[in-house]
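Remarks on the overall topology
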Amino acid sequence: MPKLVFIHGPGAGACSDAFVKQLDYFPDALAPDLPGHLEGTRCFSVERYTDWVRGWIWAHGAKSDLVLCGYTLGASISLQYGLDYPDEVAGLILMTVAMRPKVREKNTYQMRLDAAENKKSYQEWINFQVRAMHAVPKALRTKLLQRHKQVGPVSQYHDLKAIDCFDVRDRIASLRPKLLLIRGLNDHGNPPNYETEIHEQVPGSQYIELKNAGHFPTTEAPLTVNPIIEKFMATL
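Throughout what follows, the structure given in this document is the object of discussion. (Residues numbered from 1 in each chain as written. Predicted model: local features only at pLDDT ≥ 70, side-chain atom pairs only at ≥ 80, totals over all residues. Heavy atoms only, no water.)

**Quick word on the sheet that holds strand E1 (residues 3–7)**
Read from one edge to the other, the open sheet built from five strands follows the order E1-E2-E3-E4-E5, with strand pairing classed as parallel. Of all the strands in the sheet, just E1 and strand E5 (206–210) have a single pairing partner and so form its edges. Each neighbouring strand pair of the sheet contributes to a mean axis angle of 15°, computed without reference to strand direction. Alignment of strand E3 (residues 89–95) against strand E4 (residues 178–184), held across five bridges, turns out to be parallel. Each bridged residue has a counterpart across the sheet, and for Leu 92 the counterpart in E4 is Leu 179. Helix H3 (residues 73–84) rests against E1, strand E2 (66–71) and E3 of the sheet, and its axis sits at about 150° to E2. (Pairing = 2+ DSSP bridges. Helix = DSSP H or I, 4+ residues; strand = E, 2+ residues; numbered from the N terminus. Axes fitted to C-alpha atoms, helices over the stretch in contact; angles between N-to-C directions. Contact = heavy atoms within 4.5 Å.)

**Points about helix H10 (residues 222–234)**
With 13 residues, H10 should cover 18 Å at 1.5 Å per step; its first-to-last C-alpha distance of 18 Å lies within 8% of that length. Buried within H10 are the following residues: Pro 222, Val 225, Asn 226, Ile 228, Ile 229, Phe 232 and Met 233. All buried residues of H10 project into a common sector of 160° when viewed along the axis, lining one side. Turned more than 90 degrees away from the buried face of H10, the exposed residues are Leu 223, Lys 231 and Ala 234. (Expected span 1.5 Å × (residues − 1). Buried < 20%, exposed > 50% of the residue type's maximum accessible area, 1.4 Å probe, protein only. Arc of directions from axis to C-beta.)

**Regarding unusual backbone geometry**
Not every positive phi belongs to a glycine, and Leu 38 is a case in point at roughly 80°. Structurally, the position occupied by Leu 38 is in the loop between helix H1 (20–25) and helix H2 (46–59). Take Leu 38: its relative accessible area is 35%, and that puts it in the partly exposed class. Despite not being glycine, Asn 190 has its phi angle at roughly 45°, a positive value. Locating Asn 190 in the fold gives a position in the loop between E4 and helix H8 (194–201). When its relative accessible area of 63% is taken as the criterion, Asn 190 is described as exposed.

Shown next as structure tokens:
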């Protein structure tokens, strides 16, 4: 029986609370809080996060037949895991992910650093998180915003840096685990369609677009995404 593991990113609360609706739907699933998010010491690369996640999963008794599901940094970690340890991974469900460094707005990094230094910039950072979570149901959005305040802008800065150093273009065609890519069309940032770049390079991969989701499909549209995950797992 495949073991489902959800891995978060720097947005939507920057912790496993982003997956509350998935953990209700899939009660046997796992969802770590990455180090440096709520507690612990952050990692500075996708590769190091992958090593940490692998150790965490093994410590929870899951060593094979894994299905890794994540958005942004969590998706990058999942993809790295699938490439490095294909014998342990049955499937990948990836959202808001690229196989190469992402193109960002000019002030992306500095905004997070400034938020750690003064109240005005901090409020601008908070307002950005609210806009990013525009498609998240209000009650959950409020809870995740509190998590952002706990984790803080500097953690998000380092996470974005880690994502933007991630580049597996030279390996992507060798990916062995079964792959499902989900793109939310209602993304506040309207990023390039990085997911189709991966889809075109991985034979047999699946690609789905969702009109009712944006940057964090699992968090924004669980009633749509959870059955998609369930259907995918049934094929493994």
